[in-house]
Amino acid sequence: MRHVIREAFGAGAPAHGDQVADLWADVRSGDHLLAELVAVVDGEVVGHVGISHCWVDARRELAPACMLSPLSTLPARQGRGIGSALLAAAIDAARGLDRPALFLEGSPVFYSQRGFERASTHGFEPPTRRVPDPAFQVVLLGEQPDWLTGRVIYPEVWWRHDSTGLRDPDLAAIEARFAAS
Ligand SMILES: CC(C)(COP(=O)(O)OP(=O)(O)OC[C@H]1O[C@@H](n2cnc3c(N)ncnc32)[C@H](O)[C@@H]1OP(=O)(O)O)[C@@H](O)C(=O)NCCC(=O)NCCS
C-alpha cells in the first residue's frame, strides 16, 4: 500500500508521495483508521483508498463523521476505472460505519461525477480556509438532521503532517482556476 500511495502522489521535490505515505502510516498506527480498501489486479496491489475519522463541530454536539483520503492508483494503471471502482466501494464501506457523512478534499470535476456534492451546500465548512469551497465535498450517508452543520475537524495527525488544504503558490493557482471556470 505504501508503494502505491508513494508512486501515485509522486516523487517530486519536495517528495509529496513520501509525505502522503508517512501521513497514512501514522493514521493507520493511531486511533483514527476506519477502513481501507485495495484494488488487486493479477495478484498485484494497484490501488488503495483510506477512510478515517473526523468530526463535525455542530452547535448541538461534536458529531463523529468520516473522511476519504488518500485515493491512489499506480500511475501505470491509471485511466482504467480503478480509482472510480475504489471510490464506489469506499462509499459502500462508509455506509456501514454508522456515520452521517463522508468528506473529502479534491477535484470537483472528478468527484462530482462519482457521487460527491459540494459540502457547503449542506452547511459544512472545511477544516481550514485553505480548502477552496468547490474542493470540499461530501456524500451524505443517511438523512442529515437539521442540527448537523458546522466546521469539519480533522484529528491532530493531519495537522502534524500539514496535510489539509493547499498552501501558496498552489492555493492561489487553484483559486484562480476555480474563479475562471
Ligand atoms: C485520482 C486517481 C486516484 C484516479 O485513479 P484512476 O484509476 O486513474 O481513476 P479512473 O480510471 O476511475 O478515472 C480516471 C479519471 O480521473 C481523472 N483524473 C485523474 N486525476 C485527476 C485529477 N487530479 N483531477 C481531476 N481528474 C482527475 C482522469 O482525467 C479520468 O477522467 P475521465 O474518467 O473523465 O476520463 C489517480 O489519478 C491517482 O492516483 N492520482 C494521484 C493521486 C491523487 O491525486 N489522488 C486524489 C487526491 S484527491
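Residues numbered from 1 in each chain as written. Predicted model: local features only at pLDDT ≥ 70, side-chain atom pairs only at ≥ 80, totals over all residues. Heavy atoms only, no water.

A. Quick peek at the overall build of the chain. Helices and strands together make up the secondary structure of the chain, namely six helices and eight strands. Listing the helices and strands of the chain from first to last along the sequence gives α-α-β-β-β-α-β-α-β-β-β-β-α-α. Taking 181 residues into account, the globule formula puts the C-alpha radius of gyration at 16 Å, and the chain, at 16 Å, falls close to it. Summarising its shape, the C-alpha atoms of the chain cover approximately 45 × 40 × 30 Å along the three principal directions. Within the chain, the fraction of its 181 residues that count as buried is 41%. Counting contacts in the chain only where the partners sit at least 6 residues apart, residues at least 24 apart contribute 64% of the total. In the form shown here, the chain has an accessible surface area of approximately 9400 Å², with 51% of it arising from carbon and sulfur atoms. Positive and negative charge centroids in the chain, built from 17 and 23 side chains respectively, lie 2 Å apart. (Helix = DSSP H or I, 4+ residues; strand = E, 2+ residues; numbered from the N terminus. Rg over C-alpha atoms; globule rule 2.2 N^0.38 Å. Buried < 20%, exposed > 50% of the residue type's maximum accessible area, 1.4 Å probe, protein only. Contact = heavy atoms within 4.5 Å. Areas by Shrake-Rupley, 256 points an atom, 1.4 Å probe, with all protein chains shown as cover. Lys, Arg positive; Asp, Glu negative; His and termini not counted. Charge placed at Lys NZ, Arg CZ, Asp CG, Glu CD.)

B. How the structure looks around the packing of helix H1 (residues 2–9) against helix H2 (residues 16–29). At a minimum axis separation of 7 Å, H1 and H2 run at an interaxial angle of 145°. Seen along the crossing, H1 lies across H2 with a hand that is right-handed. Residues Arg 2, Ile 5, Arg 6 and Phe 9 of H1 form the contact with H2, whose participating residues are His 16, Gly 17, Asp 18, Val 20, Ala 21, Asp 22 and Trp 24. Of the residues that constitute the contact of H1 with H2, the class distribution is five nonpolar, two polar and four charged. (Axes fitted to C-alpha atoms, helices over the stretch in contact; angles between N-to-C directions. Left-handed = near helix turned anticlockwise from the far one by under 90°. Nonpolar A, V, L, I, M, F, W, Y, C, P; charged D, E, K, R; others polar.)

C. The site of the ligand, seen in detail. Around the ligand sit 18 residues, and of these Leu 71, Gly 79, Gly 81, Gly 83 and Ser 84 come closest. Here an oxygen atom of the ligand sits 3.1 Å away from a polar atom, N or O, in the main chain of Arg 80. Between the ligand and Gly 83, the relevant distance is 2.8 Å, taken from an oxygen atom to a main-chain nitrogen or oxygen of the residue. Protein chains shield 60% of the accessible area of the ligand, which is 880 Å² for the free molecule. Spatially, the ligand is embedded in the largest pocket. Counting only elements with at least two residues in the shell around the ligand, the list comes to H1, strand S3 (62–73), helix H3 (82–95) and helix H4 (108–112). Classifying every residue of the shell around the ligand by side-chain character gives six nonpolar, nine polar and three charged. (Near = heavy atom within 4 Å. Polar contact = N/O pair within 3.5 Å; in protein donor to acceptor, adjacent residues only side chain to side chain. 1 Å grid on protein atoms, 1.4 Å probe; cavity = no way out; pocket = protein on both sides within 12 Å on 5 of 7 lines; lining within 4 Å. Sits in = over half its atoms within 2 Å of the grid points.)

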